[in-house]
Amino acid sequence: MNFKRYAAIASLGGAMLLGTVASVGVAADAPADGAAEVFNQAITNIPGKSLIAVQVDYRPGEKSPSHWHAKSAFIMAYVVSGSIRSQVEGEPVQVFKAGQTWYETPGAHHIVSENASETEPATLLAVFVADTEHGDLTTFDK
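Residues numbered from 1 in each chain as written. Predicted model: local features only at pLDDT ≥ 70, side-chain atom pairs only at ≥ 80, totals over all residues. Heavy atoms only, no water.

### Quick look at the nonpolar core
Let me state the cut-off plainly: What we call a nonpolar core is a set of buried Ala, Val, Leu, Ile, Met, Phe, Trp, Tyr and Cys residues that are connected through their side-chain atoms within 4.5 Å. Buried, partly exposed and exposed residues are distinguished by accessible area as a fraction of the type maximum, computed with a 1.4 Å probe on protein chains only: under 20%, between the cut-offs, and over 50%, respectively. Labels follow the DSSP assignment, with helices taken as runs of H or I lasting at least four residues and strands as runs of E lasting at least two, numbered in each case from the N terminus. Contacts are assigned to residue pairs that have any heavy atoms within 4.5 Å of one another.
Membership of the largest hydrophobic core comes to 18 residues, with the highest contact counts inside it found for Ile52, Ala73, Ile84, Trp102, Leu124, Phe128 and Leu137. Among the secondary structure elements, those contributing two or more residues to this core are strand E2 (49–58), strand E5 (74–81) and strand E10 (122–131). Element by element, the count of residues in this core is highest for E10, at five residues. Residues within four places of Ile52 in sequence aside, it is in contact with Glu37, Phe39, Asn40, Ala126, Val127, Phe128, Ala130, His134 and Leu137. Counting six residues, the second-largest nonpolar core is a separate cluster that includes Val38, Met76, Tyr78 and Val127.

Structure below.
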């Protein structure tokens, strides 16, 4: 699959999931930490796997602690609004703007995840393909 086609599919998937976010009114139900599961569905043609989407809202300058993702979870991240500074261990720090995507492999150690702006909020949609029977999808460093 070529990059342009992949980017179009990723953007379409993000837009479809955002429609789900808007229809269930997640923003009003979002927990204090700014992360809320907005979609969770078993993938019927991949037994034992589910597609799970988590919306993460960052206030200006807000950061998430470094964390690990589940060993069964492949993640596609989509910046809904604002800019997100991100770094997975062993990779360079990057800033992603609204409409851009990246991925994280199973078991990734996410060492930087933050709003790149000190003045504007940012929203990220993290889409996981993970074991249906999973433990925590994210475990924060101690």
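### Looking at the environment of Ser113
Counted only if it meets this: In the analysis that follows, any N or O atom pair within 3.5 Å is treated as a polar contact, provided that within protein one partner can donate a hydrogen and the other can accept it, and provided that, for residues neighboring in sequence, both atoms belong to side chains.
Checked against the element boundaries, Ser113 lands in strand E9 (residues 109–115). Each residue touching Ser113, except ones within four places of it in the same chain, is listed here: Tyr58, Lys63, Ser64, His67 and Arg85. A distance of 2.6 Å separates polar atoms of two side chains, one belonging to Ser113 and the other to Tyr58.

### Considering the packing of aromatic side chains
Spelled out, the test is: Each pair of aromatic rings taken from Phe, Tyr and Trp, with Trp reduced to its six-membered ring, is defined by centres within 6.5 Å and is described as stacked if the planes are under 30 degrees apart, edge-to-face if over 60, and tilted in the remaining cases.
A full pass over the atoms with the stated rule returns two aromatic pairs. Centre to centre, the rings of Phe74 and Tyr103 are 5.7 Å apart; their planes meet at 15°, and the pair counts as stacked. Of this pair, Phe74 sits in strand E5 while Tyr103 sits in strand E8 (residues 101–104), and the two are 29 residues apart along the sequence. Seen in terms of ring centroids, Phe96 and Trp102 are 4.2 Å apart; in terms of plane orientation they differ by 25°. Their pairing is stacked. Owing to a relative accessible area of 10%, Trp102 belongs among the buried residues under this scheme.

### Observations concerning the pairing of E5
The side chains of a regular strand alternate between the sheet's two faces. Here is the rule we go by: Whether two strands pair comes down to DSSP finding at least two bridges between them.
Sheet topology places E5 next to E10; seven bridges connect them, and they run antiparallel. Pairing of Ala77 across the sheet is with Ala126, part of E10. Pairing geometry for E5 and E8, over four bridges, is antiparallel. Looking at the pairing, Tyr78 lines up with Thr101 of E8.

### Considerations on the pattern of salt bridges
Short version of the rule: In the sections that follow, a salt bridge refers to a side-chain nitrogen of Lys or Arg positioned within 4 Å of a carboxyl oxygen of Asp or Glu.
As enumerated under the stated definition, the model contains four salt bridges in all. The salt bridge partner of Lys49 is Asp131, with a shortest N-O separation of 2.8 Å. Linking Lys49 in strand E2 with Asp131 in strand E10, this pair joins segments that are 82 residues apart in sequence. Accessibility expressed as a relative area gives 23% for Lys49, which makes it partly exposed.

### Observations regarding the environment of Leu137
Summarising the element assignment, Leu137 is placed in the loop between E10 and strand E11 (138–140). The buried category is assigned to Leu137, whose relative accessible area is 11%. As for Leu137 and Ser72, which are separated by 65 residues in sequence, their C-alpha atoms are 8.6 Å apart. With sequence-adjacent residues up to four places away left out, Leu137 is seen in contact with Ile52, Trp68, His69, Ala70, Phe128 and Ala130.

### Here we look at the confidence of the model for the protein chain
Cut-off, in case you're wondering: Scored between 0 and 100, pLDDT is the confidence that the predictor attaches to each residue.
Mean pLDDT over the protein chain: 79, with 77% of residues reaching 70 or higher. At the low end of the mean pLDDT range in the protein chain sits helix H2 (residues 26–29), at 34; at the high end sits strand E7 (residues 94–97), at 97. Note on residues 1–32: pLDDT under 50 across the span, and 28 contacts to partners over four residues away in sequence or across chains.

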